[in-house]
Structure formats: C-alpha cells, structure tokens
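Residue-level structure breakdown
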Amino acid sequence: MATGGGDKLLTIDPDELRFQFELGKPSHCDLKVSNTTDKNIAFKVKTTSPKKYFVRPNTGIIPPWDTCIIRVTLQAQLEYPPDMQCRDKFLLQSTPVPPNSDTDALPANTFSKEAGKVLEEYKLKVVYVARTDKGNSDNNIKQNSDPSSNQAIQTARAARDAAVKEATQLQQELDMLKKKNQKQSPGFSIRLAITAGLIGIMVGLLLKLVLSSPPSPIPPPTPPPTASVDG
C-alpha cells in the first residue's frame, strides 16, 4: 500500500517473508530494497511481533538508484504454530529526505503521516515453510543416533565375523585330518573320529550362537510435538 501518489519510491524483492521453520533453530529472509528515484529515500521497518524477529538494518537511507539488503531473522522457536500458519506482518515505510541526511539524525516525525508529505507503505506477510526433505530427515536420524548403540553394533559384527572365520579354519583342519587318515592305522581312525566329532560340535554351537543373535535395531526417533491450537 502506498500513499502520496506518483511512481513508487522503492521496489522490494521478494514481496513476502518466507522462513524455513525448524524447532530450536533460527531462520532468516533477505529483502532486496531498491531506490528507483533520483532522491535519497529513508526507510523504516516495523513488525507486529518485534520480540520474535531481528531486523538489520531496521532504519536507513538509500542513495539514488542504489540498493539495500535488509535481513530479517526469525529467532529460534520452541513450538510449532497452529497449522504452520503465521499472522505476523511487516510494514516498510519510505519517504524522500534531503541530500546528505544522516540516518541517526532523522527527525522523529520523518515517517509520520502529514499533509503534503510523500510517504509510501509496503505491507509484507510472513510465511512459514516446514522442512520436509526426506534426505535431510534420514541424515538427521543418522546424526542423532546414540553413539554407544552404533559402537555396540560394530563390536557385535566384528565378533560375528571373527567367529565365522574361526569356524572356517576348524573345518579346513578337519578336512586335512581326513586326508591324512587314509594313510594311517585303524587306531588313528578312532582318534580322528572322536576329534572330528568334538570339532563338529564346537562349530555347530559357535555358528548357532552367533547367527541366532543379530544386533538389535536402533529405535526410531521420537516425532516432534504438535502444538495445540489456541481457542
């Protein structure tokens, strides 16, 4: 909304403030404000929720045909807004000022509505955008997993691999004994049979113990709480 008539003093891009909303983390949106005149234009940014946002700079003077970047930062929030809807609004006021004007020395009535003064007002709404990227969610789950649980799984896998390797070696030794038995006496065959039986029992128990006890899966993370809708 502009008052005072004539061409616009400033152009603003984008025409709304969009914030990537994530609990416990700040987010920011940059406004590109351009002076489209041959005059110095003073501006001031106001909001309906000044405690939720930082605006830098919130007041300034843009030289003719120049551009200023205004960063609006949403402070970290502890709960989700109802239905992810935001009723906060911003107002950017602008008015021509004399050459060589200083921001800190602007009169108190610079942005007041007075007869004959050129004063433009731009209203900006706020939009919250929820993070829904699946890849980011999977990465967050992996990063937030309990380090001790990950270490336990790695240890269990290493033990399983070592047990399988040992069982394979025992089987190879048993095969070698069978080959040697073909050239030995009957008495040695009895000892070989007893040894082979013991090795077979050990291999079977070892494989059963290892393969029947896989690592427990990591429990999924607790979903974020849903904020209640105010009456």
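Reference entry: report on the structure contained in this document. (Residues numbered from 1 in each chain as written. Predicted model: local features only at pLDDT ≥ 70, side-chain atom pairs only at ≥ 80, totals over all residues. Heavy atoms only, no water.)

**Quick look at the environment of L91**
Counted only if it meets this: Numbering goes from the N terminus for both helices and strands, where a helix is a DSSP run of H or I of at least four residues and a strand is a run of E of at least two. Residue contacts follow a heavy-atom distance rule, with two residues in contact if any of their heavy atoms lie within 4.5 Å.
Structurally, L91 is set in strand 9 (residues 89-97). For the pair L91 and K44, spaced 47 residues apart in sequence, the C-alpha separation works out to 8.2 Å. Excluding residues that lie within four positions of it along the chain, L91 makes contacts with K44, V45, K46, E121, Y122 and K123.

**Some remarks on the sheet that holds strand 4 (residues 27-35)**
This is how the line gets drawn: Pairing between two strands requires that DSSP report at least two bridges joining them. Fitting a line to C-alpha atoms yields each axis, with helices limited to the stretch in contact; the angle taken between N-to-C directions then spans 0 to 180 degrees.
Spatially, 2-4-8-6 is the arrangement adopted by the four strands of the open sheet, whose pairing is antiparallel. The strands lining the two open edges of the sheet, one partner per strand, are strand 2 (10-13) and strand 6 (53-56). The average undirected angle you get between the axes of adjacent strands in this sheet is 20°. As defined by bridge partners, strand 6 adjoins strand 8 (residues 67-74) across four bridges and the pair is classed as antiparallel. Bridge pairing in strand 8 places R56 opposite R71.

**Quick notes on a nonpolar patch on the surface**
Note the following rule: Only residues whose relative accessible area exceeds 30% and that form no salt bridge are eligible for patches; like-charged ones are grouped when within 9 Å, while nonpolar side chains (Val, Leu, Ile, Met, Phe, Trp, Tyr) are grouped when within 5 Å. The Shrake-Rupley method, run with a 1.4 Å probe sphere, supplies the accessible areas, and residue values consider only the shown protein chains as cover. Throughout this description, the term salt bridge denotes a Lys or Arg side-chain nitrogen within 4 Å of a carboxyl oxygen of Asp or Glu.
Residues I194, L198 and I201 make up a contiguous nonpolar surface patch of about 310 Å² in total accessible area. Looking at the element boundaries, L198 is found in helix 3 (residues 186-211).

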